[in-house]
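What follows is each chain in one-letter form.
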Amino acid sequence: MELTITQPDDWHLHLRDGDLLQAVVPHSASHFRRAVVMPNLKPPVTTTAAAITYRESIMKALPIGSSFDPLMTLYLTDKTHPDEIKLARESGVVYAVKLYPAGATTNSQDGVTDLFGKCLPVLEEMVKQNMPLLVHGEVTDPSIDVFDREKIFIETVLQPLIQRLPQLKVVMEHITTMDAVNFVESCKEGFVGATVTPQHLLLNRNALFQGGLQPHNYCLPVLKREIHREAIVKAVTSGSKKFFLGTDSAPHERRRKESSCGCAGIYSAPVALSLYAKVFDEAGALDKLEAFTSFNGPDFYGLPRNSSKITLKKAPWKVPEVLSFSFGEIIPMFAGETLQWQPSFE
């Protein structure tokens, strides 16, 4: 069995920099035409000038002949100036601004501490420039249970934000809960959307602990209960235009995952399309796959859909146990497991 679809884009991707960038960018470039590249480097990408420099380093790391187009983002801080948003829009390479609540995830210590108190002029300029805000939707108050942080963020930050700036385009990134599904579905189409990862469609929080502590299934926002996974699957396979592909593929060296204080992030780029196809196939919704992978994202961002095609063939293949590089190893998602769908270009 074969399924030919419009080539997908990845609307949430971590490419890192240095050796890691060189190692991982070919995996994304082999399947995706475009990707929204996250700005949480050290130091973070807070200016348009830095985004242009980062994009140049990505382009240099691409395989010869690749048509992959990295769509850059700025890292929002308490000190971001509205003029930076104008520069970003004029650059033609920056497509969104990323909100990390300070301390929420990898390299987020420079994130926002007071969204309404310190960032309102920037958010207002984003409305004028039609620049989307990409949200890591978790509160960071240590008194809030880690499994409740998305729900509380929606109630205390996102709902007030949408009420205050109803014309602001917002993407709730890597949603993990029924609460997020319900919130996104309640919002006006075209103004609030959500990216969904392979892990939050396929795994629940048991995957962190089965057979011992599983560091390669640890990501942020953390995996949730089965009822939440089921709600997300139902939402994305329903045909709703509000949900689109965002892998949140986040590479870390094996030794940094398998350590006394392991990093958050799942490396899914080499297997993501196979896993999304698995989800839609098992839900009996393969006819809805192309819209999720290839139409809803560009439509939300106001960008043209891709003209290139990719074919998914139903042919079993085994995911490598490990990916080896000169600097170390990366363990891919579903390492060593057999998947049924394999992407290939005609």
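About the thresholds
- Residue positions within a chain follow its written sequence, with the count starting from 1.
- Selection of residues for local features in this predicted model requires a pLDDT of at least 70, selection of side-chain atom pairs for listing and counting requires 80 or more, and totals for whole chains, interfaces and linings are taken over all residues.
- Hydrogen atoms and water are omitted, and side-chain values are computed over all heavy atoms in the structure.
- Strands were regarded as paired on the criterion that DSSP finds at least two bridges between them.
- By definition, any uninterrupted DSSP run of H or I lasting at least four residues is a helix, any uninterrupted run of E lasting at least two residues is a strand, and each is numbered from the N terminus.
- Note on geometry: axes are lines fitted to C-alpha atoms, helical ones only across the stretch in contact, with angles between N-to-C directions running from 0 to 180 degrees.
- Put plainly, a pocket is an open set of points on a 1 Å grid over the protein atoms alone with protein on both sides within 12 Å along at least five of seven lines, a cavity is a set where a 1.4 Å probe fits but cannot get out, and a lining residue has an atom within 4 Å of a point.
- Grid points are joined across faces, edges and corners, and a volume is the space filled by probe spheres set on the points.
- Each residue gets one label: Ala, Val, Leu, Ile, Met, Phe, Trp, Tyr, Cys and Pro are nonpolar, Asp, Glu, Lys and Arg are charged, and the others, such as Gly, are polar.
- The term salt bridge refers to a pairing of a side-chain nitrogen on Lys or Arg with a carboxyl oxygen on Asp or Glu at a separation within 4 Å.
- Here the term buried applies to any residue with accessible area under 20% of the maximum for its type, exposed to any over 50%, and partly exposed to those in between, with areas from a 1.4 Å probe on protein chains only.
- Contacts are residue-level and defined by heavy atoms, with any inter-residue pair within 4.5 Å sufficient.

Student: Where do I start with the sheet that holds strand β13 (residues 338-344) in this structure?
Tutor: Sheet strands pair via backbone hydrogen bonds, and the direction of the pair is either parallel or antiparallel. With antiparallel pairing, three strands are arranged side by side in an open sheet as β1-β10-β13. Of all strands in the sheet, those bounded by a partner on one side alone are β1 (2-6) and β13. Neighbouring strand axes in the sheet, compared pairwise and without regard to direction, differ in orientation by 35° on average.

Student: Teacher, can you tell me more about empty space enclosed by the protein here?
Tutor: Any space left empty among the atoms is revealed by the rolling of a water-sized probe across them. Tallying each qualifying case throughout the model produces three cavities of 30 Å³ or more. By volume, the largest cavity is sized at about 120 Å³. Grouping the amino acids of the lining of the largest cavity by side-chain chemistry returns six nonpolar, nine polar and three charged. Estimated volume of the second largest cavity: approximately 50 Å³. Lining of the second largest cavity is provided by H216, A250, P251, H252, K257, G265, I266, Y267, I330 and I331. Taken together, the residues that form the lining of the second largest cavity break down as six nonpolar, three polar and one charged.

Student: How should I be thinking about the pattern of salt bridges in this particular structure?
Tutor: Side chains bearing opposite charge may pair, as long as their charged atoms lie close to each other. Under the criterion given, the structure shown has 14 salt bridges. E2 is the salt-bridge partner of K313, the closest N and O atoms lying 4.0 Å from each other. With a gap of 311 residues between them, K313 in strand β10 (residues 309-318) and E2 in strand β1 connect regions that are remote in the sequence. For D281, the salt bridge is made with K314, and the minimal N-O distance between the two is 2.9 Å. Of this pair, D281 sits in helix α11 (residues 272-282) while K314 sits in strand β10, and the two are 33 residues apart along the sequence. According to the relative accessible area criterion, K314 is partly exposed, its value standing at 37%. When salt bridges with common partners are traced through the structure, they connect R254, E258 and E329 into a single cluster.

Student: How should the sheet that holds strand β3 (residues 34-37) be read in this particular structure?
Tutor: Read across the sheet, eight strands follow the order β2-β3-β4-β5-β6-β7-β8-β9 without closing on themselves; strand pairing throughout is parallel. The sheet is open, and its two borders are formed by β2 (10-13) and β9 (243-245), each paired with just one other strand. For this sheet, the mean inter-axis angle between neighbouring strands, taken without regard to orientation, is 30°. Both strand β6 (residues 133-135) and strand β7 (residues 170-172) contribute to a ladder of three bridges, which runs parallel. Opposite V135, over in β7, you have M172 as the bridge partner. In the packing of helix α6 (residues 149-164) onto the sheet, contacts are made with β5 (94-99), β6, β7 and β8 (192-196), and the angle to β7 comes to roughly 175°.

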